[in-house]
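Commentary on secondary and tertiary structure
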Amino acid sequence: MIIKNVRILGGDPRDIRVRDGVIAEIGDNLEADGQVIDGAGAIALPGLVDLHTHLREPGREDAETVQTGTQSAARGGYTAVHAMANTMPVADTAGVVEQVWRLGQEFGHCDVQPVGAVTVGLEGRQLAELGAMADSAARVRVFSDDGRCVDDAVLMRRALEYVKAFDGVVAQHAQEPKLTAGAQMNEGVISGRLGLAGWPAVAEEAIIARDCLLAAHVGSRLHVCHVSTAGSVEIIRWAKSKGWNVTAEVTPHHLLLTDELVERSPNGAYNPIYKVNPPLRTREDVEALRAALADGTIDIVATDHAPHPVEDKETEWAAAAMGMVGLETALSVVQEAMVDTGLLDWAGVAERMSAMPAHIGRLAGHGRPLAAGSPANITLYDPAARTQVDPSAFASKSRNTPYEGMTLPGRVLATFLRGKPTVLEGKLA
Ligand SMILES: [Zn+2]
């Protein structure tokens, strides 16, 4: 197969020859020896990798399944996702992570790499079987209680020590629970005006600071999920300046949206579509997060794709579930926040949405440069397109996007997983 006329990382037009799922050759005017796909001058990126996806299966198949979640991923240009552990049952044993891994093998439109829970039942009391999950067929390397924080410092220390044996990483959802009891939105001027319980920045920053110190103390790898405040950025910058092994992610929505939407949005105040954890923060936070992603303090973009059925979102604010879907809009939001603002070029996007997330998750076979010998995991993207976000067109089973009706730049034209198209002409292949 030949993919003609694509601009690798936004460079000059080239052709890519794919053979047996691998990039065989990159050149000009390559002679066709089989199927020809017209790239039409699209940008070619290495297949995107998400370190933070909620696929909801097993247990909440009404919100998402491995099949619909990976279809959503493919539509967004992803060739691999890490499936978070807060399923029902929780992915805290070799048995459950192998079940998720097998579902991915059978129904996945991209590769599915299970994340293992840090503690049994995400309850924060007792370490889960980290070693058994690492040794299982799923070969788990990322461990997280995401949705909850491992707030016990002794357990967190033990988890960090434990994962060293198999080059694992603990991905922390940094949220001091007592400081955020009943929290509904970012603590600030707007939460005060709206009378909603605040989620203060310090509840995130205190845990990140503690965990950086713990990771340094035991010489282990820490990954910080969904960084949302300017203060968190400063702490991570400091930890990295010490040479500590700390990585961090930011979500697309924290790069674009602010807590002002809770008070004033196209559809009024208190719209739970903007309810998310950690919450949307201030303009100053958004600016700091963009700068940190640009300068490498924050290593990657991760979606925190969190599907919820309509009945859990379209209710009063206090009762609504926290979370937003994100896989199908991530690249467009990153273009809007980072590329069209001149903060990142396409090589920088590829580094932060493919190479680095694959590296942090130890996913061999993903995030490799588009060059001869690499697996043919390729995303074709048209940055000149403009798309009005229509949730009813999503492949995801859920519709809880904060971008409904917004016009975002760019469109994923095609996604290839080891040479096999999962998306062609913007549609599932
Ligand atoms: Zn989380």
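This next bit is on the overall build of the protein chain. Helices and strands together make up the secondary structure of the protein chain, namely 13 helices and 18 strands. Among the 429 residues that make up the protein chain, the fraction classed as buried is 61%. Sequence separation of 24 or more characterises 74% of the internal contacts of the protein chain that already satisfy a separation of 6 or more. Summing over all exposed atoms, the protein chain offers an accessible surface of approximately 15900 Å²; the carbon and sulfur share of this is 49%. A distance of 3 Å separates the average location of the 39 positive side-chain charges in the protein chain from that of its 55 negative side-chain charges.

Moving on, we get to the sheet that holds strand 12 (residues 222-224). Within a sheet, adjacent strands bond to each other through the backbone by hydrogen bonds, running parallel or antiparallel. Read across the sheet, five strands follow the order 8-9-12-13-14 without closing on themselves; strand pairing throughout is parallel. One side of each edge strand has no neighbouring strand; the edge strands of this open sheet are strand 8 (142-143) and strand 14 (300-301).

Turning our eyes to something else, we now look at the sheet that holds strand 5 (residues 48-53). Here we have three strands laid out as an open sheet, ordered 5-6-7, and parallel in their pairing. Each edge of the sheet is formed by a strand with only one pairing partner; in this case those strands are strand 5 and strand 7 (111-114). For this sheet, the mean inter-axis angle between neighbouring strands, taken without regard to orientation, is 20°. For strand 5 and strand 6 (residues 78-83), the ladder comprises four bridges, and the chain directions are parallel. Counterpart to V49 in the pairing with strand 6 is A80. Here helix 2 (residues 94-107) sits on the sheet in contact with strand 6 and strand 7, set at roughly 175° to strand 7. Of the strands in this sheet, strand 5 and strand 6 are in contact with helix 13 (residues 346-360), which crosses strand 5 at around 55°.

Now for the packing of helix 6 (residues 201-218) against helix 7 (residues 230-241). Remark: helix 6 packs on helix 7, axes separated minimally by 9 Å, with the N-to-C direction vectors making an angle of 10°. For the element pair helix 6 / helix 7, the angle class is roughly parallel. Residues E204, E205, I208, A209, C212 and L213 of helix 6 form the contact with helix 7, whose own contacting residues are G231, S232, I235, I236, W238 and A239. Class assignment for the residues of the contact of helix 6 with helix 7 results in eight nonpolar, two polar and two charged.

When the terminal C-alpha atoms of helix 10 (residues 283-295) are compared, their 19 Å separation across 13 residues agrees well with the 18 Å that a helix rising 1.5 Å per residue should span. What helix 10 keeps buried is the set D285, V286, A288, L289, R290, A292 and L293. In this structure, the buried side of helix 10 is in contact with helix 7, strand 13 (246-250), helix 8 (252-256), strand 14, helix 12 (330-339) and helix 13. Looking one or two residues beyond helix 10, the residue adopting positive phi is G296, at roughly 90°.

Okay, helix 1 (residues 66-75) next. Most of helix 1 sits out of view: eight of its ten residues are buried. Tucked into the core, helix 1 has its buried residues touching strand 6, helix 2, strand 7, strand 16 (407-417), strand 17 (420-424) and strand 18 (427-428). Trailing helix 1 by a residue or two, G77 shows a phi angle of about 95°, which is positive.

The subject of this paragraph is the coordination of the zinc ion. Looking at the zinc ion, one finds its protein donor set to be D146 (OD), H173 (ND1) and H226 (NE2), positioned 1.9 to 2.2 Å from the metal centre. In the primary sequence, the donor residues of the zinc ion line up as D-x26-H-x52-H. Taken as a pair, D146 in the loop between strand 8 and helix 4 (153-163) and H226 in the loop between strand 12 and helix 7 lie far apart in primary sequence, 80 residues in all. Classification of D146 by relative accessible area gives buried; the value is 3%.

Close contact between helix 7 and helix 10 brings their axes to 8 Å; oriented N to C, the two are set at 30°. Comparing the axis directions of helix 7 and helix 10 gives the class roughly parallel. For the pair helix 7 and helix 10, the contacting residues are A230, V233 and R237 in the first and D285, A288, L289, A292 and D295 in the second.

Here is what the cut-offs are and how they apply
- Residues numbered from 1 in each chain as written.
- Predicted model: local features only at pLDDT ≥ 70, side-chain atom pairs only at ≥ 80, totals over all residues.
- Heavy atoms only, no water.
- Helix = DSSP H or I, 4+ residues; strand = E, 2+ residues; numbered from the N terminus.
- Buried < 20%, exposed > 50% of the residue type's maximum accessible area, 1.4 Å probe, protein only.
- Contact = heavy atoms within 4.5 Å.
- Areas by Shrake-Rupley, 256 points an atom, 1.4 Å probe, with all protein chains shown as cover.
- Lys, Arg positive; Asp, Glu negative; His and termini not counted.
- Charge placed at Lys NZ, Arg CZ, Asp CG, Glu CD.
- Pairing = 2+ DSSP bridges.
- Axes fitted to C-alpha atoms, helices over the stretch in contact; angles between N-to-C directions.
- Parallel < 35°, antiparallel > 145°, perpendicular 65-115°, else oblique.
- Nonpolar A, V, L, I, M, F, W, Y, C, P; charged D, E, K, R; others polar.
- Expected span 1.5 Å × (residues − 1).
- Donors = N, O, S within 2.8 Å, 3.2 Å for Na, K, Ca; no water.

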